[in-house]
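Read off the chains here:
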Amino acid sequence: MRNLILSGFTVLLLSGCGANNSASPVNAPGAPVAGKPALLESGAAALQSRPPIDAINTYLDGFHYYCGDKQGQMEAHHYVTILNDDVMQAVIFDGNKKDAKLMGVEYIISERLFKQLPAGEKKYWHSHRYEVKSGSLIAPGIPDAAEHALMGKIVNTYGKTWHTWHTDRDKTLPLGEPALMMGFTADGEMNPALLRDRDQRFAVDTQKIRAARADLDAHPVAAGADNCQRVHQAH
C-alpha cells in the first residue's frame, strides 16, 4: 500500500498537474525585488540545496474553519511531506500560484498515534474521515487509482492545524495570533459556494468523488477528536 501511495506522489511531483489555477486573495505591500536581492535569489535557486523542500511530494486541496468560528471558512492548499508511515507534515498556502501566501502548517498522524495522545492534547486534533469520504479533500493531478489509495491512507488520520496568516481577513500582512483550525465533519457545515468554486477551477465533481470513495474503510472517529469547543472555551 505504501509503495502504491508513494508512486502516486511521484506521478504528481513529475507531472505538475492540477496546480496554478487558484490565486492568492492577498497583495502584500512592498517594493519589487530588484538589483542585488534578485541576483541572490536566482543564485540561491541554482546553487543551494533544499532537502526539506524537495521532500514535499504531494498536493492536497481541502477546507478549514476557525476553531470557535465555523463561519470563518477557507480553502487550504496543502503541500505534504511523508516523514514515515504514521506521520506527515504539510505547509499550507492560500493558493497554488507562485505568489501564494503561506497560511500555516498541518501535522498529520495515524489513528494509532492519535489514540496514544494524552486526553488534553487530543482536543487540538481533527479527524479526516468526513473530508475524505465526502470528496471535499482531493489530490489534484494524480491518476484516480493513486488518489484512491492515498485517500485510503488519509481517511483514518488526524490533523493538528495552525494558521499564522489569516488571508481571508488580513489582506496585507500576517496580523494577530495564530489560530487553531478544524476540518468539517458533516454535511451542511461548509459553505457550498466554496465547494462549487473549487470544483469549477479543478474540473472535478465532488459528488462523483464521494460516490467513488464509498468503499474506503473508514473507522469511527476516535474519542477526543473534533472537540474544538473545549479549546475555544479554554481561551
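- Going by an unreviewed UniProt entry, the protein carries the name OBAP family protein and comes from Pantoea eucrina.

1. Observations regarding the confidence of the model for the protein
Then comes step 1: Model confidence for the protein is summarised by a mean pLDDT of 88, while 83% of its residues fall at 70 or above.
Then comes step 2: Scored below 50 in pLDDT, residues 1-15 shows 24 contacts in the model against residues more than four places distant or in partner chains.

2. A look at the nonpolar core
Then comes step 1: Residues L60, V132, L137, A139, L150, M151 and I154 are the most contacted members of the largest nonpolar core, which totals 17 residues.
Then comes step 2: Counting residues per element, this core draws most heavily on helix α7 (residues 144-154), at four residues.
Then comes step 3: Ranked by size, the runner-up nonpolar core spans 10 residues in total, among them Y65, C67, Y130 and M190.

3. Concerning the packing of aromatic side chains
Then comes step 1: On inspection of all chains with the given rule, the structure shows six aromatic pairs.
Then comes step 2: Between Y65 and F184, the aromatic rings sit 5.1 Å apart at their centres with planes inclined by 40 degrees, giving tilted as the arrangement. Note that Y65 is positioned in strand β1 (residues 58-66) and F184 in the loop between β7 (179-182) and α8 (192-202), a separation of 119 residues in sequence. Of the two residues, Y65 and F184, neither departs from the other in class, the shared state being buried.
Then comes step 3: Between Y79 and F93, the ring centres sit 5.7 Å apart and the planes meet at 80 degrees, which makes this aromatic pair edge-to-face. With Y79 in strand β2 (residues 69-82) and F93 in strand β3 (residues 87-93), this pair connects stretches of sequence that are 14 residues apart.
Then comes step 4: By relative accessible area, F93 is classed as partly exposed at 21%.
Then comes step 5: Joined through ring pairs, the aromatic side chains of Y59, Y79, F93 and F202 make up one cluster.
Then comes step 6: Positioned above the aromatic ring of Y66 is the side chain of R169, whose terminal nitrogen or guanidinium carbon lies 3.9 Å from the ring centre.

Cut-offs and rules
- Residues numbered from 1 in each chain as written.
- Predicted model: local features only at pLDDT ≥ 70, side-chain atom pairs only at ≥ 80, totals over all residues.
- Heavy atoms only, no water.
- pLDDT = per-residue confidence, 0-100.
- Contact = heavy atoms within 4.5 Å.
- Core = buried A, V, L, I, M, F, W, Y, C linked by side-chain atoms within 4.5 Å.
- Buried < 20%, exposed > 50% of the residue type's maximum accessible area, 1.4 Å probe, protein only.
- Helix = DSSP H or I, 4+ residues; strand = E, 2+ residues; numbered from the N terminus.
- Phe/Tyr/Trp six-rings, centres within 6.5 Å; stacked < 30°, edge-to-face > 60°.
- Lys NZ or Arg CZ within 6 Å of the ring centre and 35° of its normal.

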